[in-house]
Structure formats: C-alpha cells, structure tokens
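Fold and geometry: a report
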Amino acid sequence: MSMFTQWSSPSDEVQDSDESNSSSLISQPSLPTIPSLTPPFDLPTIPAAHPHCLATLKGHSSSIFSLALAGKHLYSGVSDGQIRVWDRNPSSYTQTSDNYAVSESRSAVKSIVVSGQNLFTAHSDHKIRVWKIDNNSGQGRRYYAAVAVLPTVSDRCMSLFSAKNYVKVRRHKHCTWVNHVDAVAALAATADGTLLYSASWDRSIKIWRTSDFKCVESVQNAHDDAINAVVLSGDGHVYTGSADRRIKVWRIDGIDQKHSLVSTLEKHKSAVNALALSGDGAVLYSGACDRSIIVWERDGGAAHMAVAGALRGHTKAILCLAVVGEVLCSGSADKTVRVWRRGSGNGYSCLAVLEGHRNPVKCLTAGLDSNHVKAEVDSDDSYLIYSGSLDFEIKVWKVRVPCR
C-alpha cells in the first residue's frame with residue numbers, strides 16, 4: 001500500500017484507504033512577502049526545553065491519520081478504519097501495554113472528536129460514525145457500541161420527498177443536503193458539546209445536533225475546493241481551511257440563525273492543511289503546503305484577522321497543528337514535529353525539533369504532563385506531545401518549557 005496520501009485534492013480519491021497522489025507532501029515555494037517571526041537560523045532557540053521521546057506506540061498496521069485526547073485516554077484512528085484506545089500516561093507503557101481496538105470500519109478515520117460519552121469519527125466513505133465510550137476494565141476488552149451513522153436513516157428519509165432538499169453536488173448529479181458526498185476531513189465540537197461541525201472534501205460544512213444527531217444546517221460550496229480543516233472559537237466564530245488556499249471565517253447570523261461569511265483570509269499560496277486557535281481565540285495558526293505557518297491576530301476590523309507574520313523552519317508541507325497552553329506544535333511531511341512559543345513582542349521561539357518518525361507526521365495532539373510536579377512556582381511547565389505518522393507509529397514526547 002502506498003505510504004503517501006493526498007489531503008489537498010479529493011478528486012483523485014477512489015478507495016477508502018485514501019491511497020492517492022501526494023500533492024500535499026510536495027514542498028511548495030514559501031511565502032517571501034510575509035515577515036518571519038522566528039530568528040533566521042534553523043535551530044531550537046531555547047535548549048533548556050530538554051525534549052525527549054518517552055515511548056513509541058505500536059499496534060496499528062496502517063498509517064495514523066487522527067489522534068484525540070480525552071480524560072485518561074488517547075484515541076488513534078488509521079487508514080484501514082481501526083480505532084484504538086491507549087492510556088495517555090506514558091509511564092504505564094510496556095511491551096504488553098493495555099491498548100486495544102475499540103472499533104473497526106472499512107474506511108479511513110480522518111478525524112476524531114470526543115464529546116461527553118460519545119466518540120465521533122469522520123471517514124473517507126463520506127460518513128460520520130458515533131460510538132458509545134466504554135472503558136470499564138472490569139468488563140474486559142470489547143468494541144464500543146455503534147450509536148449512529150450520520151446522516152441518520154431518519155434524516156435521510158425526511159429529506160427524500162421534497163425537491164427543495166436536493167442540492168447539486170456535481171454536473172448532472174444531485175443529492176439531499178444532509179449527505180456529504182466526499183471524504184469528511186475534519187470534525188469540531190462546540191465547548192458545550194451541543195453541536196458538531198463537519199468539514200468535507202465536497203466543499204461543504206455541516207452542523208449536527210449531538211442530542212439526536214440531526215443535521216441542522218449545511219453550508220454548500222463553502223469553498224472552491226476541498227475543505228481540510230475546521231476549528232471553533234469560544235465566541236462563536238468558525239474557521240475553515242481549504243485546498244483553494246483560503247481560510248474563511250463564519251458566524252451565525254442573528255436574523256435567520258444560519259452561518260454567514262464574515263471574512264476570507266488570503267495569504268497562503270498553496271493548499272491549507274491545518275488550523276489551530278490559541279486558548280483565548282485571539283490568534284489563529286494556519287499550516288499549508290508552502291512550508292510556512294501563518295500567524296493571524298484579531299484586528300477588530302472588517303477583515304477580522306490580520307497577518308502578524310510566519311513561522312519558518314519546516315522543509316516540507318505543514319500537515320497538522322496543535323495548541324496546548326502557550327505552546328504551538330506543528331507536524332510536517334519533513335517527518336519532524338516543531339514546538340513553538342511566543343516570546344516578547346510578536347516574536348516566536350522554536351523550543352524543540354522532534355525527530356524520529358520515518359515518514360510524514362499526519363496528526364498531533366498535546367496536553368499538560370499530569371505527572372510533572374513543579375519544584376517551585378516559577379519552575380518549568382511540562383507538556384506531553386503525541387504525534388501520529390504514516391510510518392504506522394505514535395510517538396509520545398516530553399517537552400519542558402521554561403517559565404518566562
């Protein structure tokens with residue numbers, strides 16, 4: 001099976017395994033017109049970060065496409081459709097560490113979101129699946145119960161009998177608006193867990209009510225090409241990144257309670273693969289095939305976000321981003337993970353370059369190290385970073401971040 005997968009253009013996808021061209025992995029020209037926020041040399045600027053790999057998690061037999069942390073567990077989804085659960089604490093890992101498959105499907109798992117007691121997974125077969133989380137060790141290892149497949153049968157049936165429920169999805173083909181008609185690339189849940197957003201290579205965004213899994217809205221033709229990423233801010237803004245090189249900002253209109261376009265951010269010169277927001281929602285990070293991470297900051301104007309600059313250092317496409325605390329993590333087709341932190345003013349420092357994967361890093365998640373005990377109030381913070389790669393492995397990294 002090919003180890004390289006195309007994320008930026010869905011038109012060539014013909015199999016659930018996501019085997020296709022590797023345009024997202026090809027290094028594109030960088031962005032010379034955007035000022036760099038990092039020093040002009042390619043080395044970590046704070047050696048005291050002391051990064052090291054705590055564990056390499058093996059168990060999957062195909063490429064790691066998605067990761068998610070929830071409670072005491074780490075969830076991983078892969079190109080063959082399997083989902084596994086792991087203890088998020090690396091001190092518990094052994095050769096026979098307690099990890100196991102909790103679900104199987106025939107379609108690549110492109111995104112994972114945990115909300116309440118439900119595990120939502122996005123797949124390349126155009127579906128979203130819902131699983132009931134059950135990690136009760138007293139019951140032994142067993143698959144999670146399948147709760148629903150979105151759109152539900154009820155949703156599909158209710159929309160069949162009215163012509164107004166059909167939308168044009170391609171030439172000479174129409175489909176009901178509740179259906180995605182290409183791979184579902186990304187999921188995001190609101191903070192209160194009431195709504196789930198899905199972004200697809202069919203260029204649409206759909207919003208689902210988690211109480212009954214009903215599709216309550218669809219934004220058709222939200223972009224001119226595949227949508228690869230979606231993130232939500234606490235104030236109600238929705239950000240989508242696409243292979244059309246654009247990032248769009250959406251918000252619910254107060255009149256008809258439907259999403260409307262607030263702004264279009266256009267600075268990338270190639271497909272946007274990943275988005276991440278700072279904890280307060282004031283800073284947006286976008287990663288693309290141009291090897292740069294653009295930093296956008298709220299400006300209060302009509303554009304909503306203004307370019308602050310770019311983070312450079314990766315030598316190939318940016319494939320994934322994750323924010324934890326004041327730290328940004330980026331994974332790339334260059335097989336590395338970089339860890340960044342904002343310094344004084346608008347500058348950023350590269351705290352660490354994590355090397356060890358044998359193939360592109362496709363997904364990331366991160367959290368505070370719960371086992372780290374500060375000796376003093378102003379001592380280092382410790383983070384655990386989990387990286388999934390096309391080499392079938394998940395690596396767990398520990399990075400200590402010096403206090404300011």
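Residues numbered from 1 in each chain as written. Predicted model: local features only at pLDDT ≥ 70, side-chain atom pairs only at ≥ 80, totals over all residues. Heavy atoms only, no water.

If you check an unreviewed UniProt entry, the chain appears there as Protein JINGUBANG-like from Salvia divinorum.

What to know about the overall build of the chain
The condition that has to hold: Secondary structure follows DSSP: runs of H or I at least 4 residues long count as helices, runs of E at least 2 residues long count as strands, and numbering of each begins at the N terminus. Relative accessible area decides the class of each residue, using a 1.4 Å probe on protein chains only: under 20% of the type maximum gives buried, over 50% gives exposed, and in between gives partly exposed. Contacts are assigned to residue pairs with any non-hydrogen atoms lying within 4.5 Å of each other. Using a 1.4 Å probe, the Shrake-Rupley method yields the accessible areas, and only the shown protein chains count as cover for residues.
A count of helices and strands for the chain gives 1 helix and 30 strands. Residues counted as buried form 56% of the 404 residues belonging to the chain. Across the chain, the fraction of contacts at a sequence separation of at least 24, relative to all contacts at a separation of at least 6, is 51%. Surface summary for the chain: the accessible area is close to 17,100 Å², and the carbon and sulfur share equals 50%.

Concerning the layout of surface pockets
So the rule is basically this: In this analysis a 1.4 Å probe is tested at points of a 1 Å grid over the protein atoms alone, and where it fits but cannot get out there is a cavity; an open set with protein on both sides within 12 Å along at least five of seven lines is a pocket; lining residues have an atom within 4 Å of a point. Grid points are joined across faces, edges and corners, and a volume is the space filled by probe spheres set on the points. Throughout, the ten residues Ala, Val, Leu, Ile, Met, Phe, Trp, Tyr, Cys and Pro are labelled nonpolar, Asp, Glu, Lys and Arg are labelled charged, and all others, Gly among them, are labelled polar.
Size it by volume and the largest pocket reaches roughly 1,400 Å³. Breaking the lining of the largest pocket down by element, the ones donating at least two residues are strand E2 (64–70), strand E6 (109–115), strand E12 (184–189), strand E16 (227–232), strand E20 (272–277), strand E24 (318–324) and strand E28 (361–368). Class assignment for the residues of the lining of the largest pocket results in 32 nonpolar, 15 polar and 3 charged.

Examining the environment of Met 305
With respect to the helices, strands and loops of the structure, Met 305 is situated in strand E23 (residues 305–311). By relative accessible area, Met 305 is classed as buried at 3%. Distance from Met 305 to Ser 263, taken between C-alpha atoms, is 8.3 Å for residues 42 residues apart in sequence. Excluding its chain neighbours within four sequence positions, the residues that come into contact with Met 305 are Tyr 239, Leu 265, Gly 281, Ala 282, Leu 284, Trp 296, Glu 297, Arg 298 and Asp 299.

What to know about the nonpolar core
Cut-off, in case you're wondering: By nonpolar core we mean a set of buried residues, namely Ala, Val, Leu, Ile, Met, Phe, Trp, Tyr and Cys, connected to one another through side-chain atoms within 4.5 Å.
Residues Val 327, Val 339, Leu 354, Leu 364 and Ile 385 are the most contacted members of the largest nonpolar core, which totals 18 residues. Listed by contribution, the elements that provide at least two residues to this core are E24, strand E25 (327–332), strand E26 (336–342), strand E27 (348–355), E28, strand E29 (381–389) and strand E30 (394–401). Not counting the four nearest positions on each side in its chain, Ile 385 is found in contact with Cys 329, Val 337, Val 339, Leu 354, Leu 364, Thr 365, Ala 366, Lys 395, Val 396, Trp 397 and Val 399. In terms of nonpolar packing, the next biggest core, distinct from the first, is built from 16 residues, Ala 229, Val 231, Leu 265 and Leu 284 among them.

Points about the environment of Val 113
For Val 113, the location among the structural elements is in strand E6. Given the relative accessible area of 11%, Val 113 is considered buried. Among residues more than four places away in sequence, those in contact with Val 113 are Asn 118, Leu 119, Phe 120, Leu 187, Ala 188, Ala 189 and Leu 196.

A word on the pattern of salt bridges
Formally: Each salt bridge in this description consists of a side-chain nitrogen of Lys or Arg and a carboxyl oxygen of Asp or Glu lying within 4 Å of one another.
Enumeration according to the criterion identifies 13 salt bridges in this entry. Two residues, Arg 342 and Glu 297, come together in a salt bridge whose shortest N-O distance is 2.8 Å. Residue Arg 342 is found in strand E26, and its partner Glu 297 is found in strand E22 (residues 293–298); the two are separated by 45 residues along the sequence. In this structure, the salt-bridge partner of Arg 341 is Glu 326, at a minimum N-O distance of 3.3 Å. One end of the pair, Arg 341, is in strand E26; the other, Glu 326, is in the loop between E24 and E25, with 15 residues separating them in the sequence. Judged by its relative accessible area of 8%, Arg 341 is buried. The exposure class assigned to Glu 326 is partly exposed, which follows from its relative accessible area of 36%.

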